[in-house]
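Listed here are the chains, written in short residue letters.
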Amino acid sequence: MINRLLVICPEFNQEYTVYQPWKQIIEVSKKIQSKGIKIAIGTNATTDSQVQGIDIISFTDKKLRQLKNNSIKKILEFNPDVILWIGNPLSGYYLKKLNLNSIPIILYISTIPFSKNEIKNFKITELHKLGFLNLLTSFSPFNNILKNLNDKNISGIIVPNNTIKERLIDEGIMKEKIFTAPLCFEPEKDLISSNLEKINSSNFTLCYLGPVYSIRGVDFLLDVIELFKKNKIRLKLKFLLRTTDTDKDHQLLVAKCKKRNIQEFLEIRSGILDRSSLFTEISNSDIVVIPTKFVWNEPPLAILESMYLGKLVITSNVCGLPELIANHGYALDLKPELFFDIIQNFINDDNSLEKIASKGQDFVNSLPDWDFFADWLLTHLTDFQLKNKQ
């Protein structure tokens with residue numbers, strides 16, 4: 001039985017709790033705490049004693065890979081029954097060297113090794129942004145480092161979808177060690193109270209939310225808009241530029257638009273919008289387009305929230321996005337012509353757009369809540385704990 005649970009989560013702090021995987025971590029932690037279990041989150045990104053009522057163990061390590069003795073001491077003082085470690089496919093290399101007095105470690109992996117087809121989506125100038133190790137381990141023999149996930153120091157692995165599970169198995173990770181967590185969603189108060197009705201507009205409106213990086217598909221999306229300009233089809237791209245470096249990133253985006261002469265097609269909102277304003281902006285759009293070339297943490301919260309608001313989502317067919325979108329959206333090859341054709345069809349057919357968008361909304365509304373996820377997680381963590389004692 002689990003009485004004390006430690007979640008080790010890099011970069012966790014209050015600011016990041018609106019993004020994945022930190023959103024999921026804080027919500028599930030609150031549910032677990034409500035069941036009478038002592039829980040703490042270990043992080044290197046805040047010195048606060050608590051975040052939203054959850055105790056924080058603050059580490060000084062720059063990277064939560066090979067922990068310093070002081071951090072190990074803090075873990076042993078908390079004396080958890082189980083550690084849920086939020087990591088990545090390379091975590092096995094570091095965790096196999098960690099000595100924590102046989103405390104079972106369950107690794108949560110919400111990223112995925114690159115496939116050869118995904119790497120082809122990147123320009124040479126973008127590859128450095130992927131991280132040298134992440135890129136290198138996509139090729140043999142360097143991908144053998146992933147087999148460290150089979151080490152006995154890792155009692156089990158939890159992943160958010162079957163796409164990650166299958167790819168890990170293909171890399172030689174033991175199938176019986178990997179469990180797929182249920183997809184859950186629970187709308188926050190600002191999302192529930194958002195205005196779900198689109199304000200009438202003469203222009204068909206697309207919405208993109210995210211940073212200005214080309215790795216997130218920004219240049220690709222602007223190429224799609226350029227096709228609409230060439231075909232003399234009017235529409236608007238609402239660009240919700242999530243950035244803390246507002247002026248610099250805004251200027252970069254404007255320069256990209258000027259290069260294509262499509263400034264009149266864009267409406268740019270720069271900076272980190274409050275949640276209510278963000279949901280209103282999404283609601284006042286027809287389609288949400290997220291043509292990212294890679295997903296850092298799955299499932300992307302922006303996609304689930306957009307579907308909850310009744311918006312059709314068009315995204316790329318990378319990582320676990322096709323599995324998430326299924327038959328209630330579009331996960332396409334990163335070819336501008338494909339995105340152009342799909343969007344043009346919906347401009348001409350409102351009924352089809354509403355029909356598919358409502359499927360996505362029904363899908364999200366059918367998902368279990370954080371309480372369900374907490375129960376599932378505790379059941380599996382307990383199973384891992386018992387197997388570790390055998």
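Q: Outline the overall build of the chain, listing residues and values.
A: Looking only at helices and strands, the chain features 15 helices and 14 strands. For 390 residues, the compact-globule estimate of 2.2 N^0.38 gives 21 Å, and the chain sits close to it at 22 Å. Taking the principal axes of its C-alpha atoms as reference, the chain extends roughly 65 × 45 × 40 Å. In the chain, which comprises 390 residues, the proportion classed as buried is 53%. Pairs at least 24 apart in sequence give 70% of the contacts found in the chain among residues at least 6 apart. Approximately 17500 Å² of the chain is accessible, and the part contributed by carbon and sulfur atoms is 48%.

Q: Mind laying out unusual backbone geometry, listing which residues take part and the relevant values?
A: P21 follows Q20 through a cis peptide bond whose omega is 0°. Positionally, P21 belongs in the loop between β1 (4–8) and α1 (22–34). Put simply, S140 and P141 share a cis peptide bond, and its omega is 0°. If you trace the backbone, P141 turns up in the loop between α5 (132–136) and β7 (154–159). Within the chain, N79 stands out as a residue other than glycine whose phi angle is a positive 55°. Among the structural elements, N79 can be located in the loop between α2 (69–78) and β5 (82–87). Despite not being glycine, C319 shows a phi value in the positive range, around 50°. Residue class for C319 comes out buried when judged on its relative accessible area of 6%.

Q: Any chance you could break down the pattern of salt bridges for me, citing the residues and the numbers?
A: Tallied over the full model, the rule gives 17 salt bridges. Close ionic contact of E188 with K23 constitutes a salt bridge, the shortest N to O distance being 3.5 Å. Taken as a pair, E188 in the loop between β8 (178–180) and α7 (189–192) and K23 in helix α1 lie far apart in primary sequence, 165 residues in all. Residue E188 is classed as buried on the basis of its relative accessible area, which comes to 18%. Salt bridges here are not isolated pairs; linked through shared partners, they connect K23, E27, K30, E188, R275 and E305.

Q: Help me get a handle on helix α10 (residues 275–283), residues and values and all.
A: For α10, every residue scored as buried is listed here: R275, L278, F279, E281, I282 and S283. If you check the start of α10, you find a side-chain oxygen 3.2 Å away from the backbone N of S276, and it comes from D274.

Q: I'd like a description of the sheet that holds strand β6 (residues 105–109), backed by residues and values.
A: Strand order in the open sheet made by the 8 strands is β3-β4-β2-β1-β5-β6-β7-β8, with mixed pairing throughout. Two strands close off the open sheet at either side, each with one partner strand: β3 (50–51) and β8. Its contacts with the sheet place helix α6 (residues 162–170) against β6, β7 and β8, and it is angled at close to 165° to β8.

Basis of the calculations
Residues numbered from 1 in each chain as written. Predicted model: local features only at pLDDT ≥ 70, side-chain atom pairs only at ≥ 80, totals over all residues. Heavy atoms only, no water. Helix = DSSP H or I, 4+ residues; strand = E, 2+ residues; numbered from the N terminus. Rg over C-alpha atoms; globule rule 2.2 N^0.38 Å. Buried < 20%, exposed > 50% of the residue type's maximum accessible area, 1.4 Å probe, protein only. Contact = heavy atoms within 4.5 Å. Areas by Shrake-Rupley, 256 points an atom, 1.4 Å probe, with all protein chains shown as cover. Salt bridge = Lys/Arg side-chain N within 4 Å of Asp/Glu carboxyl O. Polar contact = N/O pair within 3.5 Å; in protein donor to acceptor, adjacent residues only side chain to side chain. Pairing = 2+ DSSP bridges. Axes fitted to C-alpha atoms, helices over the stretch in contact; angles between N-to-C directions.

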